[in-house]
Amino acid sequence: MPGHVSEVIKDMLPSSLDLSRLQPLVVSTVVGAGGLLVYFLVIWRRTKAKTLPMGDGWWGAGEKPLAEDKEIHPFQIETSDEEIKDLYNRIDQTRFTPPLEDSQFHYGFNSIHLRKVVSYWRNQFDWKKQVKLLNKYPHFITKIEGLDVHFIHVRPSGLPEGQSAKPLLMVHGWPGSFFEFYKILPLLTESRDGLVFEVICPSIPGYGFSEAPHKTGFDSIAAARIFYKLMQRLGFKEFYMQGGDWGGLITTNIAQMRPENVKGLHLNFFPVTKHNLWMLVSLLLGAYVPFLVGFTREDVKRIFPFFEKNVYNMLRESGYMHIQATKPDTAGCGLNDSPVGLAAYILEKFSTWTDKQFRDLEDGGLERKFSLDDLLTNVMIYWVTGSMVSSMRFYKENLNKNLEKRPDSKIGVRVPTGLAAFPNELLHAPLVWAQQRYKNVISYSYMLRGGHFAAFEEPELLAEDIRQFVKKVEK
Amino acid sequence: MGDGWWGVGEKPLAEDKEIHPFQIETSDEEIKDLYIRIDQTRFTPPLEDSQFHYGFNSIHLRKVVSYWRNQFDWKKQVKLLNKYPHFKTKIEGLDVHFIHVRPSGLPEGHSAKPLLMVHGWPGSFFEFYKILPLLTESRDGLVFEVICPSIPGYGFSEAPHKTGFDSIAAARIFYKLMQRLGFKEFYMQGGDWGGLITTNIAQMRPENVKGLHLNIFPETKHNLRMIVSLLLGAYVPFLVGFTREDVKRIFPFFEKNVYDMLRESGYMHIQATKPDTAGCGLNDSPVGLAAYILEKFSTWTDKQFRDLEDGGLERKFSLDDLLTNVMIYWVTGSIVSSMRFYKENLNKRPDAKIGVRVPTGLAAFPNELLHAPLVWAQQRYKNVISYSYMLRGGHFAAFEEPELLAEDIRQFVKKVEK
């Protein structure tokens, strides 16, 4: 080709030019132009990569005051005899509805099993003991954007010489809480292979001990900004993050806002929101020629049959999301009055989202992976703080607009990312799909066991994956 | 038609077919328990400036609850409910409750036309108490005797104990009820689930149905024709069979139909998948139950009520009427079983393929959740002899605009009788 080109140019140029010097000129011009083009398309765009605008907000009641208290106050969870007595009164006056014969967990939480759970709650569950357990880590509250933000800050107990603890922000989801991390915290705050973390687990505003926003519009971007400000206030310039459920979205948003502060992002939940032709093609072909569309055999196993596993199943399981994204104040009203109603609503998720096949069981398989003490402690966090309604509002604030029109859906995530795909998670996202948003995935693991509440259910597996991811980043 | 049995355990050899008179009763304990629960309600403050966009605004809820606690008189309402004769009879293993209202004075030579009226969710037989006087008085020689049953699982009708109780089962049970009462030919009126159940009866036994009147008839057959009419309907409505009123009520399609339905169908989605979970807390918390039910009486009466701080709740209904309906769900503890009906009706249905050939009258109320133009309705209802664009009113037509509905029923029946 170059020879032909030089022939053409030869014909066009005045014959006085020396052709032996022309060829290198042409080649270098083409290379130069091509290089400029490549630079423009790839490198320049990458260095000018968009970050998510941070914005600002204020969520307190009424008008914003001139000054705000930026102190970090130690906090202790407390309970009282009145609180427990009120709970017992309500439990004792519960009006159960008998389930249909042979319905297991297909109509929701089976009330025959619910009675057993409630009986344990009434007679054996010791909330005062659980509160002591919750207080074993240091709790704090600090005001950000008008809201009291609650968090625990767990430092390693004994730090060996020459090691520094890596800061790690772990964010929970719905219907979980900071308490979900209590099993994984010991595994991350002990030193192994020279790697140890100090962990910050905040409560999303509106959840548990974090104050609920008083104004509309509090979405994951607002939560991300608030948690970023928290990390700043705590003095962390660079940190890792881990999240699932809403925590996955919030930490993703932080990585989109301030990538320069994020050393690495680890997620156990990363549903793909960009539905485009590519995804459709990979779905149509993926079952037959997976390698062609970038699916692994494990991907194929987890995704197909697509309609059954993804569409029908998601329809079966997303009723809560639909009503919470549209009428949260109505949906949560009765649950703030009826502890048993609250427990049924929350624990149904700990059954079905841990393993969909638990729907076929009379007891919903509830205690196969979790203890009743742990499950009820999480429920109690929602109960004693009366935060069910505000926790549900987060769905409306985030899902109100078309997901694909949000500013964060157009911005890629360029920080080093580690993804842990648990087999019983609600939706499986193959690496090729995840990479549409997460541009810098350095670790993708098909986890052996576990469902949606990964940290709660399989803390060792998750801790291991976090560690191997961080080791990769640190290299 | 099929058959079924919904009682507990095994079906016995013989079943009691007697019709037993029934009276609604209450007690001081029942009312005291309600008040204790109301007094211990834990309200969550609404977001500033959110009106009814997040559901039932709890500031207004407090006012409603205060009325409920301090002024609403359940004993008085029970007397009001008992002013019509109530009955219970066992069909397919379940105690089926109904009221049977005969005209008070029947003029010479007139016979009362039997009319079966079926309610929906979250309503009850009580929704018909305003229209019953208008139908059981003789006008232009036309008078009705009305049967209003409660769907099994709703109110005073026993809830099914076995899975699978769908509208076809309810239709068959109500048909057997009409048989047991000795009616060989009858009219029917329905909205919401009542519309589907009466449609099913018309599909099962058209020979017994003189006429079917509906105030809701959502179109379930989505096909090419519908899509074409949607695409062209805004521009050349006459070409696809739309009237100007149709165009006004349907377009903009996405906004009015798709987005709005998505905004308003969360309850349907969760009830059709996890009814036992969704209803659990509501059976414990009367205020939670009231918020859940009354939100529908606000939004389904006029969607614009979502912009109001008080949800426009008392513009068309009195608090006494609204709370009486809520109390029917509360004292019978039937919210969970009422929700299960959504799940049972979700499965594949034989009735979708069968047309309805009995004389049909359709009343399209302007604030109904979805508007179905005549051309769409005719895909299923093959013998529509009356289609009315009603002047006012929303989903709870009989409750909100009893005169308008009664008038439309009468003019429809007159047409059939010709």
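Residues numbered from 1 in each chain as written. Chains lettered and ligands numbered in written order. Predicted model: local features only at pLDDT ≥ 70, side-chain atom pairs only at ≥ 80, totals over all residues. Heavy atoms only, no water.

Named according to an unreviewed UniProt entry, chain B is Epoxide hydrolase 1 originating from Polyodon spathula.

Asker: Looking at this model, I keep getting lost on the overall build of chain B. Mind explaining?
Answerer: Regarding its fold elements, chain B presents 19 helices and nine strands. Relative to its length of 418 residues, chain B is compact, with a C-alpha radius of gyration of 21 Å against a globular reference of 22 Å. C-alpha extents for chain B along the principal axes are approximately 60 × 55 × 45 Å. Within chain B, the fraction of its 418 residues that count as buried is 63%. Of the contacts formed within chain B by residues at least 6 apart in sequence, a portion of 79% connects residues at least 24 apart. (Helix = DSSP H or I, 4+ residues; strand = E, 2+ residues; numbered from the N terminus. Rg over C-alpha atoms; globule rule 2.2 N^0.38 Å. Buried < 20%, exposed > 50% of the residue type's maximum accessible area, 1.4 Å probe, protein only. Contact = heavy atoms within 4.5 Å.)

Asker: Just to check I follow, could you spell out the environment of A:Thr97 for this structure?
Answerer: Among the structural elements, A:Thr97 can be located in the loop between helix 3 (81–92) and helix 4 (111–123). Taking the C-alpha atoms as reference, A:Thr97 lies 8.9 Å from A:Ile112; in sequence the two are 15 residues apart. A distance of 3.3 Å separates polar atoms of two side chains, one belonging to A:Thr97 and the other to B:Asn283. (Polar contact = N/O pair within 3.5 Å; in protein donor to acceptor, adjacent residues only side chain to side chain.)

Asker: Would you explain the side chain of A:His172 in this entry?
Answerer: With respect to the element layout, A:His172 can be found in the loop between strand 4 (166–171) and helix 6 (185–188). Side-chain polar atoms of A:His172 contact the backbone nitrogen of A:Ile204, separated by 3.1 Å.

Asker: I keep staring at helix 15 (residues 319–332) of chain B and nothing clicks. Help me out?
Answerer: Note on helix geometry: an α-helix contains 3.6 residues per turn, so any two residues three or four positions apart are oriented the same way. All names here are of chain B. Between its first and last C-alpha, helix 15 extends 20 Å over 14 residues, near the 20 Å set by a 1.5 Å rise per residue. For helix 15, the buried fraction is high: twelve of the 14 residues fall into the buried class. All buried positions along helix 15 are accounted for by Leu319, Asp321, Leu322, Leu323, Thr324, Asn325, Val326, Met327, Ile328, Tyr329, Trp330 and Val331. Taken from the residues just after helix 15, Gly333 is the one with a positive phi, measuring 55°. (Expected span 1.5 Å × (residues − 1).)

Asker: Whenever I open this one, the pairing of strand 3 (residues 94–101) of chain B confuses me. Can you help?
Answerer: Two faces belong to every sheet, and in a regular strand the side chains alternate between them. All names here are of chain B. The buried fraction of strand 3 amounts to seven of the eight residues, a majority that puts the element mostly inside the structure. Looking at chain direction, strand 2 (residues 86–91) and strand 3 are connected through six bridges and run antiparallel. Within strand 3, the position partnered with Lys88 by the bridge is His97. In this structure, the hairpin formed by strand 2 and strand 3 is closed by a connection of two residues, where Glu92 is found at a positive phi of approximately 50°. Strand direction decides the pairing type here: strand 3 and strand 5 (residues 144–149), joined by four bridges, are antiparallel. Counted as the bridge partner of Val101 is Val146 from strand 5. (Pairing = 2+ DSSP bridges.)

Asker: Is there a simple way to explain the pairing of strand 7 (residues 209–214) of chain B in this structure?
Answerer: Residue and element names in this part refer to chain B. Counting buried residues along strand 7, five of its six residues qualify, which places the element largely inside the surrounding structure. Note: strand 6 (residues 186–190) against strand 7, five bridges, orientation parallel. By the bridge assignment, Tyr187 is partnered in strand 7 with Gly211. In this fold, the crossover linking strand 6 to strand 7 by way of helix 6 (residues 193–204) has right-handed handedness. With three bridges connecting them, strand 7 and strand 8 (residues 360–364) associate as parallel partners. Residue pairing in the sheet places Leu214 in a bridge with Leu362 of strand 8. (Right-handed = clockwise from strand over helix to strand, strands pointing away.)

Asker: Explain the sheet that holds strand 5 of chain B here, please?
Answerer: In sheet architecture, strand pairing relies on hydrogen bonds along the backbone and comes in two forms, parallel and antiparallel. All names here are of chain B. Taken together, the nine strands give an open sheet; going across it, the order is 1-2-3-5-4-6-7-8-9, and neighbouring strands pair in mixed fashion. Of all the strands in the sheet, the pair left with one neighbour each is strand 1 (19–22) and strand 9 (384–389). Direction aside, neighbouring strands of the sheet carry axes that sit 25° apart on average. Relative to the sheet, helix 5 (residues 167–180) contacts strand 1, strand 2, strand 3, strand 4 (113–118), strand 5 and strand 6, its axis offset from that of strand 2 by approximately 115°. (Axes fitted to C-alpha atoms, helices over the stretch in contact; angles between N-to-C directions.)

Asker: What is the right way to read helix 2 (residues 58–70) of chain B from this model?
Answerer: Over its 13 residues, helix 2 of chain B runs 18 Å from end to end, which matches the ideal 18 Å to within 8%, given 1.5 Å per residue. Residues of helix 2 of chain B that are buried sit in contact with helix 14 (328–333) of chain A together with helix 1 (28–39), helix 13 (286–299), helix 14 (313–316) and helix 15 of chain B. Capping of helix 2 of chain B at its N-terminal end is provided by B:Asn57; its side-chain oxygen lies 2.9 Å from the backbone amide nitrogen of B:Ile59.

Asker: Explain the interface of chain A and chain B to me, please; I cannot follow it from the model alone.
Answerer: Interfaces are frequently sized by the accessible area removed from exposure as the parts join. Listed as interface residues are 56 residues of chain A and, on the opposing side, 57 residues of chain B. Summed over both sides, the interface of chain A with chain B buries roughly 4,800 Å², with 48% coming from carbon and sulfur. On the chain A side of the interface with chain B, the three residues burying the most area are A:Arg95, A:Tyr107 and A:Lys327, jointly 18% of the side's total. Linking chain A with chain B are four salt bridges. A salt bridge links A:Lys327 to B:Glu264; its shortest N-O distance comes to 3.0 Å. Our count for the chain A to chain B interface comes out at 35 residue pairs in polar contact (both at pLDDT 80 or more). Here the side of chain A that touches chain B takes six residues from helix 15 (residues 339–352) of chain A, the largest share from any one element. A per-class count over the side of chain A that touches chain B returns 20 nonpolar, 22 polar and 14 charged. (Buried area = accessible area lost by both parts, 1.4 Å probe. Salt bridge = Lys/Arg side-chain N within 4 Å of Asp/Glu carboxyl O. Nonpolar A, V, L, I, M, F, W, Y, C, P; charged D, E, K, R; others polar.)

Asker: Looking at this model, I keep getting lost on the pattern of salt bridges. Mind explaining?
Answerer: Inspection of every chain in the model, using the stated rule, returns 52 salt bridges over all chains. In this structure, the salt-bridge partner of B:Asp260 is B:Arg263, at a minimum N-O distance of 3.0 Å. On the criterion of helical spacing, the pair formed by B:Asp260 and B:Arg263 is a turn pair, its members being three residues apart in helix 10 (residues 253–264). Among the residues examined, B:Asp260 registers a relative accessible area of 5% and is labelled buried. Judged by its relative accessible area of 34%, B:Arg263 is partly exposed. When the shortest N-O distance is used, the salt bridge between B:Arg392 and B:Glu401 registers 3.1 Å. Residue classification places B:Arg392 among the partly exposed positions, given a relative accessible area of 42%. If you follow the salt bridges from partner to partner, you end up with A:Lys327, B:Asp260, B:Arg263, B:Glu264, B:Lys303 and B:Arg306 in one network.

Asker: Looking at this structure, how should I read the environment of B:Phe365?
Answerer: Residue and element names in this part refer to chain B. Inspection of the secondary structure assignment puts Phe365 in the loop between strand 8 and helix 17 (374–377). Judged by its relative accessible area of 3%, Phe365 falls in the buried class. Apart from residues no more than four positions distant in its own chain, Phe365 is found in contact with Asn215, Arg249, Met390, Arg392, Gly393, Gly394, Ala397, Glu401 and Leu405.

Asker: What is the right way to read a negative patch on the surface from this model?
Answerer: All names here are of chain A. A cluster of acidic residues, Asp102, Glu362, Asp363 and Glu367, forms a negative patch on the protein surface. By the element assignment, Asp363 lies in the loop between helix 15 and helix 16 (366–369). Taking the relative accessible area as the measure of exposure, Asp363 reaches 31% and is therefore partly exposed. (Patch = residues over 30% accessible without salt bridge, like charges linked within 9 Å, V, L, I, M, F, W, Y side chains within 5 Å. Areas by Shrake-Rupley, 256 points an atom, 1.4 Å probe, with all protein chains shown as cover. Lys, Arg positive; Asp, Glu negative; His and termini not counted. Charge placed at Lys NZ, Arg CZ, Asp CG, Glu CD.)

Asker: What is the right way to look at the packing of aromatic side chains in this model?
Answerer: Aromatic rings in a pair are described by how distant their centres are and how their planes are angled relative to each other. The tally for this structure, following the rule as stated, stands at 54 aromatic pairs over all chains. Judged by centre distance (6.0 Å) and plane angle (20°), the rings of A:Trp353 and A:Phe453 are stacked. Of the two residues, A:Trp353 is situated in the loop between helix 15 and helix 16 and A:Phe453 in the loop between strand 9 (441–446) and helix 20 (454–457); the sequence distance between them amounts to 100 residues. Look at A:Trp353 and you get buried, because its relative accessible area is 0%. Exposure remark for A:Phe453: the relative accessible area of 2% places this residue in the buried category. Plain terms: the ring middles of B:Trp300 and B:Phe396 are 6.0 Å apart, the flat faces sit at 20° to each other, and that makes the pair stacked. With B:Trp300 in the loop between helix 13 and helix 14 and B:Phe396 in the loop between strand 9 and helix 18 (397–400), this pair connects stretches of sequence that are 96 residues apart. Across this residue pair, the class does not change: B:Trp300 and B:Phe396 are buried. (Phe/Tyr/Trp six-rings, centres within 6.5 Å; stacked < 30°, edge-to-face > 60°.)

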